[in-house]
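The primary structure of each chain is shown beneath.
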Amino acid sequence: MDISFLIQLLLNGLVIGVIYALIAMGLSLIFGVLEIVNFAHGEFYMLGAVAAYFLTTNLSIGYWPTIALVTVGAAAVGYILYELLLSSLRGEGFERSILLTLGLSMVLQNGAVFLFTTTPKMMLSPLTYSNVIMGDVRMPVLRLFALGLGIAAFIALYLILYRTQVGKAMRGVSQNREAAMMVGIDPRAVSRLAVAIGIGLSGLAGAALAPIYAVHPLMGFSFVFKAFAIIIIGGLGNVSGAAIAAIALGVLESLIGGFLPTVMVDGLAFTAMILILLIRPQGLFGRGVRV
Amino acid sequence: MNNPLMSGRMRATLVVVGLVLLFAVPSFTRNEYVLALGVSFATFAVLSGGLNLVYGYAGLLSFAQVGFFGVGAYAAALLVTDANWPVWAGALAGAVLAALMGLGVGYSSLRLSRHAFAIVTLSFALLCMIVSRDWVSLTRGAMGIPGLAVPQFSFPGGLSWRLNKPADFYYLLLGLAVACQAVIYAVVTSRIGRALKAVKMNEPLAQSQGINPLRYKLMAVTLSAFMTGLMGGFFVFYLTIVDPSIFDFYYTETMLIMVILGGAGSFWGVLFSSAILTLLPDMLRFTTDLRMVLYGFILILAMLVFPGGIGGWFERRRIERWRKVPYGGRGTP
Amino acid sequence: MSNASNSMRAPLLEVRGVTKRYFGLTAVDNLSYTVEAGSIVGLIGPNGSGKSTSIDCISGFQPVDGGDWFLDGQPLAGLAPHRIALAGMTRTFQTVRAYDELSLLENLCVASQESDGQGWWQALRRGAGVREAEAKAAARGRELLETVGLSAYADAPAAVLSYGQRKLLAIAASMMARPRLVVLDEPVAGVNPTMVRHIEKVIARLNGEGVTLVIVEHNVEFIMNLCQRVIVLESGQKIADGPPGLIRSDPRVLAAYLGQARAADLEKASA
């Protein structure tokens, strides 16, 4: 077996896994703090990619500024989203939050289809054809950037969650909402920030992947369901669990896809989720909340 | 349930008149567009009725319905095409298979939290689509199975009915829809439906009264899976092709809107809204995308402002009327 | 029913060594007691003593970490809550529960429908058996509504009831299936004094018709008036068990409620 082939697969899987992780961590954070399953999460990933495409292609803004703008923009959108729609839900009747975010996803997705049609668009950048070559392993520079961005985002998220007051508050609310409120944590402020971070991560993922895969309105749709499966596998509400499960899934998908026919790849996430639910319903890493 | 709008007798009359009119339609027009609308209404009436049973009465937000629909469709198509089964047997087998899957999905996921249940049912539907697309040796993959046979039903006594006109499918699917709705109605207006609603309204209270929530929930899931699968098993012959698009999320979104708008748990509300939402968009000539955007807005609005839908509004009015009546009398504490 | 051999007859409810732990805290600690058929037993104790938790345990709503309990000799440990209800032990809840959208009469009919022997097939066919069972349930429901004093609201949705009236409805509902033992969880908490007296009378009347009752309450006077026997819990443990008169002056009970110093004062005062 070709070692460089294996390394190639691993690296590809790592990149995809990191992207999965960005999306899944945001989803997990929002669920942990607000108890809301955000059905529209994939649409913000898609919007991030669309925005990146627009900024790069139509406004000729460079790669790094685009990434920064899209991420900040997505976080702002998340903030507005919370204020406008989610704050009134407040955890009462969980079906309402699922259906509301589902409605949002319908608006965004079909709106995008209506505005941009389903034709995928390729985002070209001067770096598109640059590769880093190490022996027989070829890694496109853009993928490496995506990997780097993902790792940077992990570190930033870790620092926020574990080194700042508000991050600790988020973890507190995630584990025990009542107790957190009793010690004076304002759930609104914490929720707002959680949504902003979650959506921001999604947007970042979209912008990072836009030059690598084609941009089209339905790209979020296929990712979000995998993200659901990932957060169940990692443990509902467990952000680091989601990250680990996501990277593992990315690598596994890549490896299996390299050696077996691709038919098996797409169903992997859901099959794994079903197995986990049967054997260990609280997820691989669990949480305070029972599944 | 007391309907404040009309008496039972008036409602029954309206239903009979409505049915007579519906079945008379093909005698007045051969317009295929109208007949197609009728087929669409019949199909969505069963889809949304089944979802209403599971969500509105049992309180389970399940996204698996489209999975059962497609399973019934594929099973029927495969049995008829590959094993030469008669159509009615294939559809019935599809229904049974769907019911068994419903039992399986229900039994394994009803013990989980409601969030996990929603995600699992969603993943079930997705897995069905993935399998239909990728397991080519079983399902012929993305191309599906085109050119399905024209159904022919043979009755004892030599009569046979070949469904080669749109009107034929209109009668068949409408008849099926009426039968399914009748079953749903019989269940939800019986004490079974009452217990189901009790479980949804206050599960611990129901448990303390001897009601086994799992049993009732499983019954709702399995029954609705059966009916949905049965409908799929026949519908696919109207389409004359089965392919992975039978699992489209579009069906899920549409039936959800119908249930939410009609009022989850309101039999007539959901039936009414499924009629409106089948006819109206076509009359307004919306493209699918815009229609979905509109549905999305309605869903958001509904969740923020009127989660109970039309049926819920009537229910609240009924309760408010009782509040206004002054009470008093001997022994009233 | 002859009372001559009362002391020889096995108790209706026997609780043996029930223990429940929450994250290292022992909420119910090796609790054992018996309840004689036909009696009213009170279960009191300061906040956090484990009264309601022990009820959740024996009614099947919380898993236990140890112990057994028996209703008329039938073991109930490990049974799901609905099975325990069908075995003859029903309960009410501290957070008063009712089916808000159903009428009072419908609320009561639901409460007995699983116990009248009519299955699903009969229910669908709406055959004579089910119709008769429903009629009987409706009649019994009206009777119970009369007993608790809510007859005027029989067809009103439960949502229109006041807090105290909901408690009455819950008591009525718990009686519908002719249970042998009913556990009332704080039946008079948060209720005005007139209603407290009314509920006391209702409970006494129901007991007179043969129902055995276990009542968890904070209102000590209510318990002392009504119960033939009182069990006192503190920090999950049973610290006293006897007739109201004895409990009232039991130093351990006084200490649990009032604190050591005050209890000592009272003891000195009554010496």
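Bear in mind that the values here come from a model prediction, so they are computed numbers and not experimental data. (Residues numbered from 1 in each chain as written. Chains lettered and ligands numbered in written order. Predicted model: local features only at pLDDT ≥ 70, side-chain atom pairs only at ≥ 80, totals over all residues.)

### Things to note about the overall build of chain C
Turning to step 1, where the next piece is worked out: Summing up its helical and strand segments, chain C has 11 helices and 10 strands in all.
Turning to step 2, where the next piece is worked out: In terms of C-alpha radius of gyration, chain C reaches 20 Å, essentially the compact-globule figure of 18 Å for 271 residues.
Turning to step 3, where the next piece is worked out: Each principal axis of the C-alpha distribution contributes one length, and for chain C these read about 70 × 45 × 40 Å.
Turning to step 4, where the next piece is worked out: Out of the 271 residues belonging to chain C, those deemed buried represent 45%.
Turning to step 5, where the next piece is worked out: Here the analysis covers contacts within chain C between residues at least 6 apart in sequence; of these, 67% occur between residues at least 24 apart. (Helix = DSSP H or I, 4+ residues; strand = E, 2+ residues; numbered from the N terminus. Rg over C-alpha atoms; globule rule 2.2 N^0.38 Å. Buried ≥ 20, exposed ≤ 12 C-beta atoms within 10 Å, placed from the backbone. Contact = placed C-beta atoms within 7 Å.)

### Quick word on the overall build of chain A
Turning to step 1, where the next piece is worked out: Looking only at helices and strands, one finds 11 helices and two strands in chain A.
Turning to step 2, where the next piece is worked out: C-alpha extents for chain A along the principal axes are approximately 60 × 45 × 35 Å.
Turning to step 3, where the next piece is worked out: The buried share of chain A, reckoned over its 291 residues, is 53%.
Turning to step 4, where the next piece is worked out: Considering only residue pairs separated by 6 or more positions, chain A has 80% of its internal contacts joining residues 24 or more positions apart.

### Brief notes about the interface of chain A and chain B
Reports often express the size of an interface as the amount of accessible area lost when the parts come together.
Turning to step 1, where the next piece is worked out: Counting residues at the interface gives 33 residues for chain A and 33 residues for chain B.
Turning to step 2, where the next piece is worked out: Looking at the side of chain A that touches chain B, the elements that each hand over two or more residues are α4 (94–116), α9 (219–234) and α11 (263–279) of chain A.
Turning to step 3, where the next piece is worked out: Among the elements that take part in the side of chain A that touches chain B, α4(A) stands out by supplying 15 residues, more than any other.
Turning to step 4, where the next piece is worked out: When the residues that make up the side of chain A that touches chain B are grouped by side-chain class, the tally is 24 nonpolar, five polar and four charged. (Nonpolar A, V, L, I, M, F, W, Y, C, P; charged D, E, K, R; others polar.)

### Comments concerning the confidence of the model for chain A
Turning to step 1, where the next piece is worked out: The predicted model of chain A averages 84 in pLDDT, with 94% of residues at 70 or higher.
Turning to step 2, where the next piece is worked out: Helix α8 (residues 187–209) of chain A holds the highest mean pLDDT among the elements of chain A, 90, whereas strand β1 (residues 131–134) of chain A holds the lowest, 76. (pLDDT = per-residue confidence, 0-100.)

### Let's talk about the domain arrangement of chain C
Residue and element names in this part refer to chain C.
Turning to step 1, where the next piece is worked out: Examined at the domain level, chain C breaks down into domain 1 (6–97 + 177–270) and domain 2 (99–160).
Turning to step 2, where the next piece is worked out: Inter-centroid distance (C-alpha atoms) of domain 1 to domain 2 is 29 Å.
Turning to step 3, where the next piece is worked out: Its residues assigned to classes, the side of domain 1 that touches domain 2 shows four nonpolar, one polar and one charged. (Domains from an automatic or database assignment.)

### Focus: the interface of chain C and chain B
Turning to step 1, where the next piece is worked out: Contacts between the two partners involve 36 residues from chain C and, on the opposite side, 27 residues from chain B.
Turning to step 2, where the next piece is worked out: Sorting the residues of the side of chain C that touches chain B by element identifies α2 (81–86), β6 (89–91), α3 (104–113), α4 (120–125), α6 (163–175) and α7 (193–208) of chain C as the ones contributing at least two each.
Turning to step 3, where the next piece is worked out: A per-element tally of the side of chain C that touches chain B places α2(C) first, with four residues.

### Quick notes on the sheet that holds strand β4 (residues 66–71) of chain C
Residues and elements named next belong to chain C.
Turning to step 1, where the next piece is worked out: Spatial ordering of the open sheet is given by β2-β1-β4-β5, a layout of four strands whose pairing is antiparallel. If you trace the sheet from one side to the other, it starts and ends with β2 (25–35) and β5 (74–75), each paired once.
Turning to step 2, where the next piece is worked out: Where helix α1 (residues 51–58) meets the sheet, it contacts β1 (13–22), β2 and β4, and its direction lies at approximately 110° from that of β1. (Pairing = 2+ DSSP bridges. Axes fitted to C-alpha atoms, helices over the stretch in contact; angles between N-to-C directions.)

### Overview of the packing of helix α8 (residues 191–201) of chain B against helix α10 (residues 213–239) of chain B
Residues and elements named next belong to chain B.
Turning to step 1, where the next piece is worked out: Packing of α8 against α10 leaves a shortest axis separation of 10 Å and a crossing angle of 115°. When the axis of α8 is compared with that of α10, the two are roughly perpendicular. The element α8 and its partner α10 pack so that their crossing is left-handed. Listed contacts from α10 to Ala-195, Leu-196 and Val-199 of α8 are Pro-213, Tyr-216, Lys-217 and Ala-220.
Turning to step 2, where the next piece is worked out: Split into classes, the residues belonging to the contact of α8 with α10 amount to six nonpolar, no polar and one charged. (Parallel < 35°, antiparallel > 145°, perpendicular 65-115°, else oblique. Left-handed = near helix turned anticlockwise from the far one by under 90°.)

### Considerations on the sheet that holds strand β3 (residues 40–44) of chain C
Residue and element names in this part refer to chain C.
Turning to step 1, where the next piece is worked out: Pairing in this open sheet of six strands is mixed, and the strands run β6-β7-β8-β3-β9-β10 from one edge to the other. For this open sheet the edge positions go to β6 and β10 (237–242), each flanked by a neighbour on one side alone. The mean angle between the axes of side-by-side strands here comes to 20°, regardless of whether they run parallel or antiparallel.
Turning to step 2, where the next piece is worked out: Sheet topology note: the strand β7 (residues 181–185)/strand β8 (residues 212–216) ladder contains five bridges and is parallel.

### Thoughts on the pairing of β4(C)
All names here are of chain C.
Turning to step 1, where the next piece is worked out: Where β1 lies against β4, five bridges are found, and the strand directions are antiparallel. Bridge pairing links Leu-13 to Leu-71 in β4.
Turning to step 2, where the next piece is worked out: Note that β4 and β5 share two bridges and pair antiparallel. The partner of Phe-70 across the bridge, within β5, is Pro-75.

### Regarding the nonpolar core
Turning to step 1, where the next piece is worked out: Counting 293 residues, the largest nonpolar core has Ile19(A), Ala24(A), Ala49(A), Leu204(A), Ile230(A), Ile232(A) and Leu173(B) as its most contacted members.
Turning to step 2, where the next piece is worked out: Among the elements that make up this core, the one with the highest residue count is helix α1 (residues 3–34) of chain A (16 residues).
Turning to step 3, where the next piece is worked out: Not counting the four nearest positions on each side in its chain, Ile230(A) is found in contact with Tyr20(A), Ala24(A), Ala242(A), Ala245(A), Ala246(A), Leu249(A) and Ala269(A). (Core = buried A, V, L, I, M, F, W, Y, C linked by C-beta atoms within 7 Å.)

### Overview of the packing of helix α3 (residues 63–86) of chain A against α8(A)
Residue and element names in this part refer to chain A.
Turning to step 1, where the next piece is worked out: It is the contact of α3 with α8, at a shortest axis distance of 7 Å, that shows an interaxial angle of 140°. Here α3 and α8 pass one another in a crossing that is right-handed.
Turning to step 2, where the next piece is worked out: When its residues are assigned to classes, the contact of α3 with α8 shows 16 nonpolar, nine polar and one charged.

### Overview of unusual backbone geometry
Turning to step 1, where the next piece is worked out: In the Ramachandran plot, Asn84(B) falls in the positive-phi region, its phi being about 60° despite a non-glycine side chain.
Turning to step 2, where the next piece is worked out: With respect to the helices and strands, the residue Asn84(B) is situated in the loop between α3 (65–83) and α4 (87–109).

### Some thoughts on the confidence of the model for chain C
All names here are of chain C.
Turning to step 1, where the next piece is worked out: Residues with a pLDDT of 70 or more make up 92% of chain C, whose mean pLDDT is 89.
Turning to step 2, where the next piece is worked out: This model gives residues 1–6 a pLDDT under 50, and the stretch forms one contact once residues within four places in sequence are excluded.
Turning to step 3, where the next piece is worked out: We note a pTM of 0.88 for the whole complex and an ipTM of 0.90 for its interfaces.

### Quick notes on the pairing of β1(C)
Residues and elements named next belong to chain C.
Turning to step 1, where the next piece is worked out: Pairing of β1 with β2 involves seven bridges; the strand directions are antiparallel. What sits directly across from Val-18, in β2, is Leu-31.
Turning to step 2, where the next piece is worked out: As consecutive antiparallel partners, β1 and β2 are separated by two residues, and within that stretch Phe-23 has a phi angle of approximately 45°, a positive value.

### Side note on the environment of Ile298(B)
Residues and elements named next belong to chain B.
Turning to step 1, where the next piece is worked out: With respect to the element layout, Ile-298 can be found in helix α13 (residues 288–304).
Turning to step 2, where the next piece is worked out: In this structure Ile-298 comes out as partly exposed when scored by C-beta crowding, with 18 C-beta atoms within 10 Å.
Turning to step 3, where the next piece is worked out: Distance from Ile-298 to Ile-257, taken between C-alpha atoms, is 7.9 Å for residues 41 residues apart in sequence.
Turning to step 4, where the next piece is worked out: In this view, Ile-298 contacts Ile-257 and Leu-261; residues no more than four positions away in its chain are not counted.

### Looking at the environment of Ala137(C)
Residues and elements named next belong to chain C.
Turning to step 1, where the next piece is worked out: Mapped onto the elements, Ala-137 comes out in helix α5 (residues 128–148).
Turning to step 2, where the next piece is worked out: The class for Ala-137 is buried, based on 22 C-beta atoms found within 10 Å.
Turning to step 3, where the next piece is worked out: The sequence separation of Ala-137 and Asp-56 amounts to 81 residues, and the corresponding C-alpha distance is 27 Å.
Turning to step 4, where the next piece is worked out: If we skip the residues at most four places from it in the chain, Ala-137 touches Cys-109, Ser-112, Gln-113 and Asp-116.

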